[in-house]
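Observations on the three-dimensional arrangement
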Amino acid sequence: IKGAQPLNSIADKQVTAARGVTDFVELLRVVTRVYLRHVAEHGHLLRPLMAEPSLMAELEREHRTARPRAVRLFSRLMHAQYGIPMGDAVAASDILMDLSGAAARRMQETGDSPDYLEDLCVQLVLTGVNGLKRGLTRRASAGNDAARVKSPAARKRPRAAGDRGTARRSVSANGHITRPS
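Residues numbered from 1 in each chain as written. Predicted model: local features only at pLDDT ≥ 70, side-chain atom pairs only at ≥ 80, totals over all residues. Heavy atoms only, no water.

**Thoughts on helix α2 (residues 24-42)**
For α2, spanning 19 residues, the distance from its first C-alpha to its last is 27 Å, which sits close to the expected 27 Å at 1.5 Å a residue. Buried residues of α2: Phe24, Leu27, Leu28, Arg29, Val30, Val31, Thr32, Val34, Tyr35, Leu36, His38 and Val39, and no others. In this structure Asp23 caps α2, since a side-chain oxygen of it lies 3.2 Å from the backbone nitrogen of Val25. Phi for Gly43, located one or two positions after α2, is positive at around 90°. (Helix = DSSP H or I, 4+ residues; strand = E, 2+ residues; numbered from the N terminus. Expected span 1.5 Å × (residues − 1). Buried < 20%, exposed > 50% of the residue type's maximum accessible area, 1.4 Å probe, protein only. Polar contact = N/O pair within 3.5 Å; in protein donor to acceptor, adjacent residues only side chain to side chain.)

**Quick word on the nonpolar core**
Across soluble globular proteins, you tend to see nonpolar side chains buried next to one another. Within the largest apolar cluster, 18 residues are counted, with the highest numbers of intra-cluster contacts made by Phe24, Leu27, Phe74, Met78, Tyr82, Ile84 and Val129. The set of elements that each furnish at least two residues to this core consists of α2, α4 (53-82), α5 (86-96) and α7 (114-142). Once residues lying within four places of it in the same chain are set aside, the contact partners of Tyr82 are Phe24, Val25, Leu77, Leu126, Val129, Asn130 and Lys133. (Core = buried A, V, L, I, M, F, W, Y, C linked by side-chain atoms within 4.5 Å. Contact = heavy atoms within 4.5 Å.)

**Description of helix α6 (residues 98-110)**
In this model α6 runs 18 Å from its N-terminal to its C-terminal C-alpha over 13 residues, within 8% of the 18 Å that 1.5 Å per residue would give. Of all the positions in α6, only Ser100, Ala103, Ala104 and Met107 are classed as buried. Considered in projection along α6, the buried side chains sweep an arc of 100° and stay on one side of the axis. Lining the buried residues of α6 we find α2 and α7. Gly111, located one to two residues past α6, shows a positive phi value of around 85°. (Arc of directions from axis to C-beta.)

**Describing the packing of aromatic side chains**
To describe a pair of aromatic rings, one takes the distance between the centres and the angle between the planes. Enumeration according to the criterion identifies two aromatic pairs in this entry. Ring centres of Phe24 and Phe74 lie 5.8 Å apart, and the angle between their planes is 90°; on these two criteria the pair is classed as edge-to-face. Within this pair, whereas Phe24 is found in helix α2, its partner Phe74 is found in helix α4, the two being separated by 50 residues in sequence. Phe24 sits in the buried class, given a relative accessible area of 1%. Judged by relative accessible area, which is 10%, Phe74 ranks as buried. Through a chain of ring-to-ring contacts, three or more aromatic side chains come together here, namely Phe24, Phe74 and Tyr82. (Phe/Tyr/Trp six-rings, centres within 6.5 Å; stacked < 30°, edge-to-face > 60°.)

Put into structure tokens, the structure is as follows:
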């Protein structure tokens, strides 16, 4: 789809810039920098694209494929370099990935510089990761796994006919992602 090409070029630029980067902070900085610079030069592309119904399917497909790959990469690095259990690293990476979009929106609205917002994003993520690590250490020493219990809404969510829940994952007491049998 012709209109989705700018999004692919951002992802392509991020992949190219991140090639060979094995440090969590440097990877975070590189992909955030590329994204914010692109938005600074070309404007925030998602808003107009999301208003175009013919592009929504392509955007959804891209979101379902590219984002999980990025989450896996950041999660592996977070796990390896900060000792965050993989299940928590996946959840944290997925949530924290939205910061760059919020930073881009702020840049468009306020004129804040990409350099400032890149530094801010990196600091916010690192503060979150370090806080998560401290919280997990306290939780492990207290033996409290209550924080990993699904929300009431998630527990009550009905399954589709024939769905045995095999796609659902849970985090075991040792921090590993497991699939119910």
